[in-house]
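Chain by chain, the residues:
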Amino acid sequence: MEIIQIEDADLQAIEGKRCRIFQAKSQPLTAEVIKADVENYHRKRVIIICNTVSQAQGLYRDLVELNHQDTFNITLLHSRFLPEHRAQKETFLKETFAENWQDDGTCYVLISTQVIEAGINITCQVMHSQLCPMNSLLQRAGRCARFLDEHGTVCIYRTVEVNQTYAAITTADLDPESTESTDKKISFLPYPKETCELTWQVLTAHTDSNQVNENVGFRTEEIWINQVHTAEDLLQQQRRQNNQMQFEQHFEAAFIRGEQSDANELIRSVDNRSLFIWEETGFIDYEEKPIDPRQLMAFSVPLTTLFKVWREFKNIEFGADWIFKRIERPKGKAETYSQPVCIEIKTRESLISSIQILVNHRYVSYDEDIGLLIGVNEFGNGFVSPPKPQRPMTSEYRYHMDTYVGHLGCMWTCWSNQFQTTRLKNGQPETTIYNSVRNELLSAGTKLIKNKIVPHIQESEAAALFELLVFFAIFTHDLGKLQIKWQEVMRGWQAIAHHQFQSHNPKQHLLAHTDYNPEDNNQKIALKTYEKQHKRPNHAVESAYLAQDILNQSLVPLLRDHFAADTEQIQYIRHTVIMAAGRHHSAWAGGWSQADIAKIKSIALHPHAQQAIAQSWRGMTRFLNSSLPLTAANLSKNIYPIKKDFDLNKLNDVDQLEYLHLYLLVVRALRLCDQRSVQL
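Residues numbered from 1 in each chain as written. Predicted model: local features only at pLDDT ≥ 70, side-chain atom pairs only at ≥ 80, totals over all residues. Heavy atoms only, no water.

A.B. asks: What should I look at first to understand the overall build of the protein in this one?
C.D. replies: Counting secondary structure elements, the protein contains 23 helices and 21 strands. Each of the 680 residues in the protein was classed as buried or not, and the buried ones make up 48%. Expressed as a percentage of contacts within the protein between residues at least 6 apart in sequence, the contacts between residues at least 24 apart total 76%. (Helix = DSSP H or I, 4+ residues; strand = E, 2+ residues; numbered from the N terminus. Buried < 20%, exposed > 50% of the residue type's maximum accessible area, 1.4 Å probe, protein only. Contact = heavy atoms within 4.5 Å.)

What follows is the structure in structure tokens.
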């Protein structure tokens, strides 16, 4: 990790004459406090940030009630709005709380949650914030006096209080049984209490000092961050070191085997659940389309909120017979079957283990001003989960016949050159300029090889080596398409496409792709019928297997004699290319086991395969670094018997991590070239 120091001259340019002061407030944050501050200081742009959605909703209702004469223009923003309503609000806020905003006599108030901590470029004169950890607080404060020459005040409160009428709303996200304290008034959920208390100590010390009315700039913020978070960060680092083995297990499972649950563990702990709302009719209506949650909008709600609602529901005497149901895919049905199975949630453990949850519509309401409300005291207003917007998407790609030699040539062009093309985006033609993949990835590949893999070579040699590995990945990734059976099937379809749908004549070419227009329904039916009778063999792992022959002839001698690589380096570098070829369609392809070998038995190549390979070699190597003593290579057999296991998972060890990174760069280059080549 590199720590970048910011020079004073740079800070002066960034901060200019901007002035932002901080004040810790002893009283609770209420609607009355906000109103008094607006009136006393004639505010026109005010932002209030609460820690939870429910607190923001309660404060919003209080302030609306105080706004008898429409003195304020109040906006509420949090994560429980439908995307279309949230987008409308954000557009309004960007225009109203903008740099150089104009005073039209109205006071604009935004009540929000952490959703505005990043990504929304707005500013205000005063910010009222509930206490949170220092790093989050300074992130929030970035929306107060955000631009050069602005002056602003950030007021921080330990608690948020609303009138009794809306008290239940305010605590909807706070479940005492889930917090570190049963005292709701000192709960700082979703943040840890210890960090918030430490932040409060720093803020009150500043408020009691002589600097309280002075600008708090970057240098002071640095000191505050170190005071609050250094110990916590060191502790976190220690925890990571202690859990290193567990981390490595998750890493291997996620990156090598593609386990989604382990990938989630590496990124963050997930403590929200997806909520859906629809009315169960109690009987099956075969005329109605089955409900498919994948097609519906969902709300993401914290588990703490659900715990509280579920516990309160258990305590009421009268009401519906259920409040939450777990949404599951029916067992033993085809994956495309969309009618879900909903099972009542009866225990806290079941609630925790449920990812998609159906909520009884009687306890949910929604409107555009306040968003989603959920609780045993809410009266359902008929809201149900709306469908996700259907994008006017037509097929972006229309496949065209490509010869084997031509396809490799196009891919190598995408590696070397930028080009302009027209592609469909959301059904509309759009001009796109693709940079060369070489420009995008060569620098990263060069640094990795120079710093981690072959440090004794010059940087220019490292660049040449990385480009060579991409060359071999492109050159070998479709060798499996040169199988007799693969060519028979594809040429058979191309002949039909040529005669029935005015497509290209395949002549005697070895093919890499065939013509196919997914928007032509007749062609779609014809292809489906053809594929039922003619199964196309796989080609990716077959390509990786055949690549060994090419690499042994050309890459291995070059690594040994020109780059002075040792046996281990040669083994791993060679395997990065083999992995890239074998996984260019599926990131988790593992190779062949004994069961696969019994089915495959051998790879039989088309009689013209070696001629096509030699032609491709001549065409592509003309653009390689001429200083490399590269030996021309070709497949040495027409039939390759398969007798042993073929394992693509050879880079599992932490000691081989740099080679895994090299593979990721090479396969990235390969996939980009493959995708873009069909748009040339």
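A.B. asks: Explain the packing of aromatic side chains to me, please; I cannot follow it from the model alone.
C.D. replies: The geometry of an aromatic ring pair is captured by the separation of the ring centres together with the interplanar angle, meaning the angle of the planes. On inspection of all chains with the given rule, the structure shows 21 aromatic pairs. Seen in terms of ring centroids, phenylalanine 475 and tryptophan 617 are 5.3 Å apart; in terms of plane orientation they differ by 80 degrees. Their pairing is edge-to-face. Of the two residues, phenylalanine 475 is situated in helix H15 (residues 459-476) and tryptophan 617 in helix H22 (residues 609-621); the sequence distance between them amounts to 142 residues. Neither phenylalanine 475 nor tryptophan 617 differs from the other in exposure class; each is buried. A centroid spacing of 5.4 Å and a plane angle of 45 degrees characterise the contact between tyrosine 545 and tryptophan 592, whose relative ring orientation is tilted. In this pair, tyrosine 545 sits in helix H18 (residues 540-553) while tryptophan 592 sits in strand S18 (residues 591-592), placing the two residues 47 residues apart along the sequence. Residue classification places tyrosine 545 among the buried residues on the basis of a relative accessible area of 18%. A relative accessible area of 8% places tryptophan 592 in the buried class. An aromatic cluster of at least three residues, connected via ring pairs, comprises Trp412, Trp415, Phe466, Phe471, Phe472, Phe475 and Trp617. For the cation-ring pair, lysine 89 lies above phenylalanine 81, with the distance from its terminal atom to the ring centre recorded as 4.5 Å. The cationic tip of lysine 325 hangs over the ring face of tryptophan 322; the distance from NZ or CZ to the ring centre is 4.4 Å. (Phe/Tyr/Trp six-rings, centres within 6.5 Å; stacked < 30°, edge-to-face > 60°. Lys NZ or Arg CZ within 6 Å of the ring centre and 35° of its normal.)

A.B. asks: What exactly am I supposed to notice about the sheet that holds strand S9 (residues 324-328) here?
C.D. replies: If you trace the 5 strands from one edge of the open sheet to the other, you get S8-S7-S11-S9-S10, paired in mixed fashion. Looking at which strands have only one partner, the edges of the open sheet turn out to be strand S8 (299-302) and strand S10 (341-344). For this sheet, the mean inter-axis angle between neighbouring strands, taken without regard to orientation, is 40 degrees. Pairing of strand S7 (residues 272-276) with strand S11 (residues 356-359) involves 3 bridges; the strand directions are parallel. Each bridged residue has a counterpart across the sheet, and for leucine 275 the counterpart in S11 is isoleucine 357. Strands in contact with helix H11 (residues 303-315) are S7, S8, S9 and S11; relative to S8, the strand with the most contacts, it is inclined by about 75 degrees. (Pairing = 2+ DSSP bridges. Axes fitted to C-alpha atoms, helices over the stretch in contact; angles between N-to-C directions.)

A.B. asks: Got a minute to help me understand the layout of surface pockets in this structure?
C.D. replies: The rolling of a water-molecule-sized probe over the atoms marks out the regions of remaining empty space. Within this model, the largest pocket holds a volume of roughly 740 Å³. In terms of lining residues, the largest pocket is bounded by 29 residues, among which Tyr399, Lys481, His513, Arg536 and His585 are the most central. Among the secondary structure elements, those contributing two or more residues to the lining of the largest pocket are helix H16 (484-500), strand S17 (511-513), helix H17 (521-533) and helix H23 (657-677). It is H16 that provides the largest number of residues to the lining of the largest pocket, a total of 4 residues. When its residues are assigned to classes, the lining of the largest pocket shows 12 nonpolar, 10 polar and 7 charged. (1 Å grid on protein atoms, 1.4 Å probe; cavity = no way out; pocket = protein on both sides within 12 Å on 5 of 7 lines; lining within 4 Å. Points joined across faces, edges and corners; volume = space filled by probe spheres on them. Nonpolar A, V, L, I, M, F, W, Y, C, P; charged D, E, K, R; others polar.)

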